[in-house]
Protein chains: 2
Amino acid sequence: MSQKIDQWVEAQRERLLAELFELIRIPSISTLPEHSGDVRRAAEYTAQRLREAGMENVEVIETEGHPLVYADWLHAAGKPTVLSYGHYDVQPADPLELWESPPFEPEIRNSNIYARGAVDDKGQFYMHLKAVEALMRVEGRLPVNLKVLIEGEEEIGGKSISKYVPAHREKLAADVALVSDTALYAEGLPTLCVGLRGLVYLEIVARGPMRDLHSGLYGGAAPNAVFGLVELLAKMKDAEGRIQIPGIYEDVAEPAEAELESWRRLPFSEERMRSEEVGSAELTGEADRTVLERVWSRPTLEVHGIAGGFTGAGAKTVIPATATAKVSLRLVPRQDPEKIVAALRQFVREHTPRGIECEVKVLSQGPGLLVDPAHKAMEVARKAFATTMGRETVLIRSGGSIPIVGEFHEHLGIPTLLMGFGLPDDGLHSPNEKYKLENYYLGIRTVAEFLEQYGAESA
Amino acid sequence: MSQKIDQWVEAQRERLLAELFELIRIPSISTLPEHSGDVRRAAEYTAQRLREAGMENVEVIETEGHPLVYADWLHAAGKPTVLSYGHYDVQPADPLELWESPPFEPEIRNSNIYARGAVDDKGQFYMHLKAVEALMRVEGRLPVNLKVLIEGEEEIGGKSISKYVPAHREKLAADVALVSDTALYAEGLPTLCVGLRGLVYLEIVARGPMRDLHSGLYGGAAPNAVFGLVELLAKMKDAEGRIQIPGIYEDVAEPAEAELESWRRLPFSEERMRSEEVGSAELTGEADRTVLERVWSRPTLEVHGIAGGFTGAGAKTVIPATATAKVSLRLVPRQDPEKIVAALRQFVREHTPRGIECEVKVLSQGPGLLVDPAHKAMEVARKAFATTMGRETVLIRSGGSIPIVGEFHEHLGIPTLLMGFGLPDDGLHSPNEKYKLENYYLGIRTVAEFLEQYGAESA
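Because the structure is predicted, anything quoted here is derived from the model rather than measured.

So, on to the overall build of chain A. The helix and strand tally for chain A stands at 14 helices and 18 strands. For 459 residues, the compact-globule estimate of 2.2 N^0.38 gives 23 Å, and chain A sits close to it at 24 Å. With the C-alpha coordinates aligned to their principal axes, the bounding extent of chain A is approximately 80 × 50 × 45 Å. Per-residue burial for chain A yields a buried fraction of 56% across its 459 residues.

Structure, rendered in C-alpha cells:
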C-alpha cells in the first residue's frame, strides 16, 4: 500500500515543494498588525488547498483575531476520527541582517529549505494536507475520518483557538489529535513525544517605600523593594535547585522504570548539551537526577526576568519603591496547577520580608500531560515510523508546554500524537530557520502511512 | 558689628533678591547639552558678581566639561583662609506639568522662593557672594582671606572639579572649606553637619548560559543568571539588614556617647519618618540601633537596581543569560573603601552559585568623613549661629555622601563646614523646589557673621 503512496510522492516532488514555497512566501507574521492581510491570505491559501485535496466543509472561520481554517472528511464509517492540527502563522523574521537568504523567499541549501516558517509550522502542517491528497489520489478516499483545524495565532498565544475548541466539542470530536510541530530526537530517529510539562506563570510585584528614596538619607532604616524581592526569591530554591515551597513535590509522579531505561538509551550527551547548547561552566540542578529527568519529569522554578530601581548607565543611589519578577513553575503530570499556585501564594505570605508587600499575579496556568504509550494510535504511529524510517521509535518527553495539547485533552478528552519531523538545530524563531528537505517528503509519507494503518487496524 | 551688616542687608533686600532671581532665570541644566550655553552664562554671571563684590583674580576656568569659577581676596595677613564652594548648575525641571509656576521664573508664594535651583544651590552659594559684598561695603575689607570656587557639574558628578582640586593644591590652600548646600535639621534650628557616610558603588554582572534559553527545554539543568544573582545578593545581608560580608564591621567607629546623646535630643520622630517620608508598613534595619544610628553611623548595603531577562508585559519563558545589579555600601568614618571592595570581591568569589560567573565593577568609592567638633571654625560657626538665630547649634550627620568634602579632605587636608539653610521639605531635584525667603537673608547674615568672628578670634 505505502509503495503506491511513495511513488505518487516521488512523482509529485516538484509540485509538492512549489506549493509549500508558495505558502512560505506569504509573510503571515501574526504579531505584526501590518501583516494581518498576509495572515488572511495564508488562511485562504490553506483553505483552497484543503478543497483541492478533496476535503469537505472547508471554512475560513472568523475570530476576534486571525482566522481559523477548518475542513473535514467523514465518510469512513466505523473507522476512528483523527483531528489534524497545525498553524499557518509565523514568527517575525528580525534581525533581518542575520539571514543568509531572504526569510520569505525559500531557498534550498545543503539539502535544507531555509525560510521563516519552513519547519515552524508551514512545512509541517502542510505535510498533513499533502498526505490527504496522496491518499485521495491513490485510493480515492481516506482510510479514517479526518478533521483539520489550522490556526493563525499560535505564535501569539492561540487565544482564538482556545475559545473555539471548548465551544465546538461535538464538531471537533475525535479519537486522537495529530500534530506535527516538534522535532525528531536526532536525525533519522523516529520520535514520539509522550509527555509535556505544565506551566504556572506568575508575576510577583514587591513594594517597599512609597517612592524611590535617597539611599544615603534612608539606607539602613527603609525597606528596599528590590532587596525584599531578592530575599523572597532566594528562599524559593536551595543551592541544588530543589524548590522549597512546601508540598510542591507531593503529587509528582515518577516515570516508570521502562521509560527511564529508554531515556538512558537515547543519544544524549550531557557534555554536548553543556558546551553546545547551554554554554555555561557546568549544568546545575538536582544532583540525584539525570539531566533528562530534571528537564522532563521534575518540576522546576525559574525567574525569567527581574526589574526594579535604577538600571541605567552609571550610578544612582536610590532605595527602590517597587520591583517585579516574572516567575514560572514547570509542572509534571498529576501536579495540580491550582494547588501549586495556592502553595506559592502561601509561601510568599510567610516569607515576604519585613516592610515589604508582595502581590502575586497569575498570568497563566496549565497542567503537565502524558500520552499513554499503549494507546492504539501510539502503537500505529510506531509501526508507521518503522515502515517509513526502518527504525524503532523512541518515546521522549519535552520539558516545555504545548497549550493546544492541553486544550484537546481538557475539552475533547483526546490524546495528541506529537509526530514532528524537525531537527533539534532547525533554529525555530531564529534567523536562517531551516527544514530538512527530505523530512518534508518523509513526513508526507509517514502521515499517510499512519492514517492508512490506523484505518486498517481499527475494527 | 553684625548690626551694621544686618542694616545693610535690610536696606538691600530688594536688590539682593532681584540678583538671585536673575541667576535663577538662567536655566543652567548641566546634564542637557542644549543648555550648555546657559550653563556658561550662569558661570559668567557668577564671575561678574564676584568682581562687583570686590573679589580679585576672578577667572572663568575652562574644563573638559562646564567651566569653574574662581576668585580670591587675600589681604588679611595673619588671618585664616576660607575656601567657599558652591555650584551654579541645576537639575532638569521635568516633569514640567507638576510645577505650579514655571521652574525658571522664580515666584514668591507662602514666603518661599519657588524655582529650580532656589535652594540647590543657587540660592545658597549666592549668599556667600552677598556676604562678601556686605562686608566689603560695610567694612571696606574682608576679615579673613577668602577663596571662592564654584562649579557647574555638581549635578552630573563633579568630574572637572575633582580633577582641578588635586592639581591646584597650593592655589586652593585654606584652613577650612565653607559649603552651603545642605539643610537645617528643622526650621529655626541652627545645624552643622559633622559626619558624612562614604560610598562604594558597584555593578555586579552575573552570567549563566551563553544566551537566553527556553525554560521548558533547559529548566532544571541550566544555570539561571537572574536567579544566580538573586541567590548571591540575598546572602549579603541577614533578615535584620546586617551585612554578612566578613570584616565589614571591623573598623566601624562608634559615635561618642555625647554625640549619641545629642541625637536623642533632636526633634526626630520615627513614626513621622515612617509615615510621611518612607511610607512603608514599618522601618527596618538593625533592631539594636536607633534609626538615626542606622542612617548616620552604621554601614549599609543597598541594591539600587536590578535587571535581567524578560521584563516586558505578559509572559516569556526564558532562562536569562545575564543579569545586572547596582549595589552600594555606605561607609562610616575609619572604614577603608579599598578594604571594603576587597572584602566584597572575596565574598562574591566564595558565594557565586554553581554555573554562574560574576563580575564586580567598581563605579566609585570614597570614605566617610567626620569634622572634629573642636575645630576652631566649628566653634566660630556655632557662635555665628547663636548670634543670628539665637539658639544653640545641633550637630548632626548625614547618611549621604558629598564627594567634594572628601576631595577637600584628601587633597587640601582641610575640614568642611556644612552650613546650609535649606529645610528638609524643600524638594530638591523635584517639581516646586523651594527656598524659604527669610533663610536667604539669614544665610547672608550668618555667613558674614561667621567670617567676621573667624577673623576676629584668630591670632
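Each partner contributes residues to the interface: chain B has 70 residues there, and chain A has 70 residues. When residues of the side of chain B that touches chain A are traced back to their parent elements, those giving at least two are strand S10 (213-214), helix H6 (215-218), helix H7 (225-234), helix H10 (291-296), strand S11 (300-309), strand S12 (318-319), strand S13 (322-331) and strand S14 (357-366) of chain B. For the side of chain B that touches chain A, a count of residues per class yields 31 nonpolar, 28 polar and eleven charged.

Moving on, we come to unusual backbone geometry. Cis geometry marks the peptide bond from A:Asp120 to A:Asp121, where omega comes out at 0°. Within the secondary structure, A:Asp121 sits in the loop between strand S5 (112-114) and helix H3 (122-139). A positive phi angle, close to 45°, is found at A:Asn110, a residue other than glycine. Residue position: A:Asn110 is located in the loop between strand S4 (107-109) and S5. Unlike most non-glycine residues, B:Ser111 shows phi in positive territory, near 65°. Positionally, B:Ser111 belongs in the loop between strand S4 (107-109) and strand S5 (112-114). Given 10 C-beta atoms within a 10 Å radius, B:Ser111 is considered exposed.

The next thing to look at is the relation of the copies chain B and chain A. The transformation that overlays chain B on chain A combines an axial shift of 0.1 Å with a rotation of 180°, and the residual RMSD is 0.1 Å. Here the symmetry operator amounts to a two-fold rotation axis. The residues that chain B uses at the interface reappear at the interface of chain A in 100% of cases, marking a shared surface.

This paragraph deals with the sheet that holds S5(A). All names here are of chain A. On the basis of which strands lie adjacent, the open sheet formed by three strands has the order S4-S5-S18 and antiparallel pairing. Both edges of this open sheet fall to S4 and strand S18 (434-436), since each of them pairs with a single strand only. Within this sheet the neighbouring strands show an average axis-to-axis angle of 30°, counted without direction.

All names here are of chain B. The buried fraction of strand S9 (residues 198-207) is high, at nine of ten residues. Relative to S13, S9 runs antiparallel, the two being bridged by ten bridges. Residue pairing in the sheet places Ile204 in a bridge with Ala325 of S13. Where S9 and S14 come together, nine bridges link them in antiparallel fashion. Across the sheet, Tyr201 pairs through a bridge with Ser364, a residue of S14.

Right, let's talk about the domain arrangement of chain A for a bit. Residue and element names in this part refer to chain A. For chain A, the assigned domains read domain 1 (2-196 + 369-457) and domain 2 (198-260 + 293-365). Computed over C-alpha atoms only, the centres of domain 1 and domain 2 are separated by 37 Å. Contact residues are listed per partner, giving six residues for domain 1 and seven residues for domain 2. Of the residues contributing to the side of domain 1 that touches domain 2, the split by class is two nonpolar, three polar and one charged.

It is worth spelling out the sheet that holds S9(B) at this point. Across the sheet, eight strands lie side by side as S14(A)-S9(A)-S13(A)-S11(A)-S11(B)-S13(B)-S9(B)-S14(B); this open sheet has antiparallel pairing. Edge positions in the open sheet fall to strand S14 (357-366) of chain A together with S14 of chain B, since each of these has one partner strand only. Put simply, the sheet's adjacent strands are angled 20° from each other on average, direction ignored. Sitting on the sheet, helix H11 (residues 337-351) of chain B is in contact with S9, S13 and S14 of chain B, with an inclination near 170° to S14(B).

Before going further, it helps to examine the packing of helix H12 (residues 376-389) of chain A against helix H14 (residues 437-457) of chain A. The geometry of a pair of packed helices is captured by two quantities: the angle between their axes and the separation between those axes. Residues and elements named next belong to chain A. One way to put it is that H12 packs onto H14 with a least axis distance of 8 Å and a crossing angle of 130°. As the angle between them shows, H12 and H14 are arranged oblique. Crossing hand, H12 versus H14: right-handed. Contact residues: H12 offers Ala377, Val380, Ala381, Lys383, Ala384, Phe385, Thr387 and Thr388, while H14 offers Leu442, Arg445, Thr446, Glu449, Phe450, Gln453, Tyr454 and Glu457. When its residues are assigned to classes, the contact of H12 with H14 shows eight nonpolar, four polar and four charged.

Here we take up the nonpolar core. Within the largest apolar cluster, 90 residues are counted, with the highest numbers of intra-cluster contacts made by A:Val82, A:Ala131, A:Ala177, A:Ala381, A:Leu417, A:Ile444 and A:Leu451. Core analysis: the second largest hydrophobic core is formed by 89 residues, B:Val119, B:Val165, B:Ala377 and B:Ala381 among them.

Okay, the packing of helix H3 (residues 122-139) of chain B against helix H14 (residues 437-457) of chain B next. Residues and elements named next belong to chain B. The geometry of H3 relative to H14 is characterised by a closest axis approach of 8 Å and an angle of 55° between their N-to-C directions. Taken as axis vectors, H3 and H14 run oblique relative to one another. For the pair H3 and H14, the sense of crossing is right-handed. Between H3, through Gly123, Gln124, Met127, His128, Lys130, Ala131, Ala134 and Leu135, and H14, the contact on the second element is made entirely by Tyr440, Gly443, Ile444, Val447, Ala448 and Leu451. Taken together, the residues of the contact of H3 with H14 sort by class into nine nonpolar, four polar and one charged.

Its location among the elements puts A:His75 in the loop between strand S2 (68-73) and strand S3 (81-87). For A:His75 and A:Lys159, which are 84 residues apart along the polypeptide, the C-alpha to C-alpha distance reads 31 Å.

Quick look at the confidence of the model for chain A now. The pLDDT averaged across chain A works out to 95; a share of 100% of its residues lies at or above 70. Across the predicted assembly, pTM comes out at 0.87 and ipTM at 0.87.

Turning our attention to H3(B). Every α-helical turn comprises 3.6 residues, leaving residues that sit three or four positions apart pointing alike. All names here are of chain B. For H3, built from 18 residues, the straight-helix expectation of 26 Å at 1.5 Å per residue is met to within 8% by its first-to-last C-alpha distance of 25 Å. Of all 18 residues in H3, 14 are buried; the element is thus mostly enclosed. Backbone geometry just after H3 places Gly140 at a positive phi near 80°.

Quick look at the environment of A:Ala47 now. Residues and elements named next belong to chain A. Inspection of the secondary structure assignment puts Ala47 in helix H2 (residues 36-53). Taking the C-alpha atoms as reference points, Ala47 and Glu59, separated by twelve residues in sequence, lie 6.9 Å from one another. When near neighbours in sequence (up to four residues on either side) are disregarded, Ala47 contacts Val58, Val60 and Val69.

Here the focus is the pairing of strand S16 (residues 394-398) of chain B. The side chains of a regular strand alternate, residue by residue, between the two faces of the sheet. All names here are of chain B. Within S16, four of the five residues are buried, which leaves the element mostly enclosed by the surrounding structure. As judged from the five bridges shared by strand S8 (residues 191-196) and S16, these two strands associate in the parallel manner. Counterpart to Cys193 in the pairing with S16 is Ile396.

This paragraph deals with helix H13 (residues 403-412) of chain A. Residues and elements named next belong to chain A. For H13, the set of buried residues is Ile404, Val405, Glu407, Phe408 and Leu412. Mapping the buried residues of H13 onto a view down its axis gives an arc of 160°, with all of them on the same face. Following H13 by one or two positions, Gly413 adopts a phi angle in the positive range, close to 65°.

Criteria and thresholds
- Residues numbered from 1 in each chain as written.
- Chains lettered and ligands numbered in written order.
- Predicted model: local features only at pLDDT ≥ 70, side-chain atom pairs only at ≥ 80, totals over all residues.
- Helix = DSSP H or I, 4+ residues; strand = E, 2+ residues; numbered from the N terminus.
- Rg over C-alpha atoms; globule rule 2.2 N^0.38 Å.
- Buried ≥ 20, exposed ≤ 12 C-beta atoms within 10 Å, placed from the backbone.
- Contact = placed C-beta atoms within 7 Å.
- Nonpolar A, V, L, I, M, F, W, Y, C, P; charged D, E, K, R; others polar.
- Least-squares fit on C-alpha atoms with pLDDT ≥ 70 in both.
- Pairing = 2+ DSSP bridges.
- Axes fitted to C-alpha atoms, helices over the stretch in contact; angles between N-to-C directions.
- Domains from an automatic or database assignment.
- Parallel < 35°, antiparallel > 145°, perpendicular 65-115°, else oblique.
- Left-handed = near helix turned anticlockwise from the far one by under 90°.
- Core = buried A, V, L, I, M, F, W, Y, C linked by C-beta atoms within 7 Å.
- pLDDT = per-residue confidence, 0-100.
- Expected span 1.5 Å × (residues − 1).
- Arc of directions from axis to C-beta.

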